[in-house]
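Fold and geometry: a report
Each chain, written out:
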Amino acid sequence: MIFVVDCADRDRIDEARQELHRIINDREMREAIILIFANKQDLPEGTLISLFILDLEKELVQLNKELRFLIKQNQYAEFSDRHGGIKGIYLNGYHFNNKNKMDLIESVFKNTNVNTLVIDIKTDNGHILFETDNPLAIEMNNVRSKYNKASLEEFKNDNNLYLIGRVVVFQDPLFAKKYPEEAVFDTAKNTIYSQDGQYFIDPSSKKAQNYIIDISKEACELGFDEIQFDYIRYPDSSYQYMKFKDESTFENRIKNINSFLSLAKPEINSLGCFLSADVFGFILTNKFDGGIGQNLETMIVNLDFISPMVYPSHYNSGSFGFSNPNRNPYGVISSALQDALDRDVQPYKLRPFLQGFWHTDFEVRENIRAAEDKDLGWLIWNVSSSYNLEYFSKIDS
């Protein structure tokens, strides 16, 4: 389709934008290639005209970003409808070139209803798993390349996948050690704060925020459909000697997490990528932030999707009335997800991470049944990328 914009008719630019949105939303136009002509740019020279043209070019750039994301939304809706929702598993990014692991993963895709893969972009160790010219990555020497645009595209197309890239945000040992002024500080030990071998970045750090956004945007260009932030939080510790740039109050924690998300989302969406986040499961029930800056109502407005980690093994005895939550996955997960729905979270935005570890095949299926009984998509977490085909619904050959 060729769409002509009259550059001399500035008053109708908004009308043109609305008309393009209407056309793209038309089901028959979803696969159309669109060429936009900015007509009548050969206007008389002059300062006002030059400024007008410059302003018009900015508007057209913004329009192109909006259209790119609108096309992605339509593609996502079609994929989800065709496959009965998002059904995914996590692949540890370090395993992408491990033949044994990848044979298992491909077997899951070819023999079951699983249609989505979550794979690391930036790991818990601070490594970036593709080649990048990002200056901070070069300074930290943190690239451990496992894939590129071509290998991702081949794997994605061969298995007809929706591809999600996991980005570990505010837990990064390499970044914290290289740039200690950006890390959480331990005033008792007079050094950067560490917790069980993990090192946390101050969530208010603009340097870290910009780094995460830049890496995420590069990943979008590699072919990822969605960027998924993990560790988008403060340290989960009551240690009293942690020092942050902003005092650790409920208001400041919520502000710093969500100001970052509100900055990242339009940047990532503009490249045709969705933005989601992993969050602790307890935030579906607890209306405060548990000291980590995660609050359901504030985060959901700054994300396309949210993935609460509703692992039954992580709930205390007595949770939702179960003395042993880990042995009652259906009841625990159903109750947690219902708490979110009761707080007016739109079902299409709620996509839980389910437990693919410390469970029998039947218990993993009960995880899935709890999500599907509420018409929700789901993702399965197993840090070792080990999955039994019996977890999933088989495809009739």
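The sections below set out a description of the structure shown in this document.

Quick notes on the rules
Residues numbered from 1 in each chain as written. Predicted model: local features only at pLDDT ≥ 70, side-chain atom pairs only at ≥ 80, totals over all residues. Heavy atoms only, no water. Helix = DSSP H or I, 4+ residues; strand = E, 2+ residues; numbered from the N terminus. Rg over C-alpha atoms; globule rule 2.2 N^0.38 Å. Buried < 20%, exposed > 50% of the residue type's maximum accessible area, 1.4 Å probe, protein only. Contact = heavy atoms within 4.5 Å. Pairing = 2+ DSSP bridges. Phe/Tyr/Trp six-rings, centres within 6.5 Å; stacked < 30°, edge-to-face > 60°. Lys NZ or Arg CZ within 6 Å of the ring centre and 35° of its normal. Core = buried A, V, L, I, M, F, W, Y, C linked by side-chain atoms within 4.5 Å. Axes fitted to C-alpha atoms, helices over the stretch in contact; angles between N-to-C directions. Parallel < 35°, antiparallel > 145°, perpendicular 65-115°, else oblique. Left-handed = near helix turned anticlockwise from the far one by under 90°.

1. Concerning the overall build of the protein chain
- Across its full length, the protein chain carries 11 helices and 15 strands.
- Its C-alpha radius of gyration of 23 Å places the protein chain within 12% of the 21 Å reference for a compact globule of 397 residues.
- In the protein chain, which comprises 397 residues, the proportion classed as buried is 52%.
- In the protein chain, 77% of the contacts between residues at least 6 apart in sequence involve partners at least 24 apart.

2. Focus on the sheet that holds strand β11 (residues 242–243)
- With antiparallel pairing, three strands are arranged side by side in an open sheet as β7-β6-β11. Sheet topology places β7 (191–192) and β11 at the edges, where each strand pairs with a single neighbour.
- Across two bridges, the pairing between strand β6 (residues 185–186) and β11 is antiparallel. Bridge pairing links F185 to K243 in β11.

3. What to know about the packing of aromatic side chains
- Using the criterion set out here, one finds 27 aromatic pairs in the structure.
- Between W378 and F392 the ring centres are 6.1 Å apart and the planes differ by 5°, which places this aromatic pair in the stacked class. One end of the pair, W378, is in strand β15 (residues 378–381); the other, F392, is in the segment after β15, and 14 residues separate them in sequence. No difference in accessibility class separates W378 from F392, as the two residues are buried.
- Directly above the ring of F305 sits R351, whose terminal nitrogen or CZ lies 4.4 Å from the centroid.

4. Remarks on the nonpolar core
- By size, the foremost hydrophobic cluster in this structure holds 102 residues, and its most contacted members are I89, L117, Y147, F229, I232 and F392.
- Considering each element in turn, this core owes the most residues, eight residues, to helix α7 (residues 206–222).
- When residues no more than four places from it in sequence are discounted, the contact partners of I89 are I105, V108, F109, V114, T116, L117, V118, I380, Y387 and F392.
- One finds F3, A16, I24 and L63 within the second-largest nonpolar core, a separate group that totals 10 residues.

5. So, the packing of helix α10 (residues 329–342) against helix α11 (residues 361–372)
- One can describe the packing of α10 onto α11 by two numbers: an axis separation of 8 Å at closest approach and a directional angle of 25°. Between α10 and α11, the angle falls in the class roughly parallel. The hand of the α10/α11 crossing is right-handed. Of the residues in α11, those in contact with P329, Y330, I333, S334 and L337 of α10 are E363, E366, N367, R369, A370 and A371.

6. Some remarks on unusual backbone geometry
- Here the phi dihedral of Y231 falls at roughly 50°; this positive angle occurs in a residue that is not glycine.
- Mapped onto the fold, Y231 is located in the loop between β10 (226–230) and β11.
- In this structure, D375 takes a positive phi of about 60° despite not being glycine.
- Turning to its location among the elements, D375 is positioned in the loop between α11 and β15.

7. What to know about the packing of α7 against helix α8 (residues 250–269)
- Between α7 and α8, the shortest axis-to-axis distance is 10 Å and the interhelical angle comes to 30°. Here α7 lies roughly parallel to α8, going by the angle between them. Every pair of crossing elements has a handedness; the one defined by α7 and α8 is right-handed. Mapping the contact onto sequence places Q209, N210, I212, I213, S216, K217 and C220 in α7 and N256, F260, L263, A264, E267 and I268 in α8.

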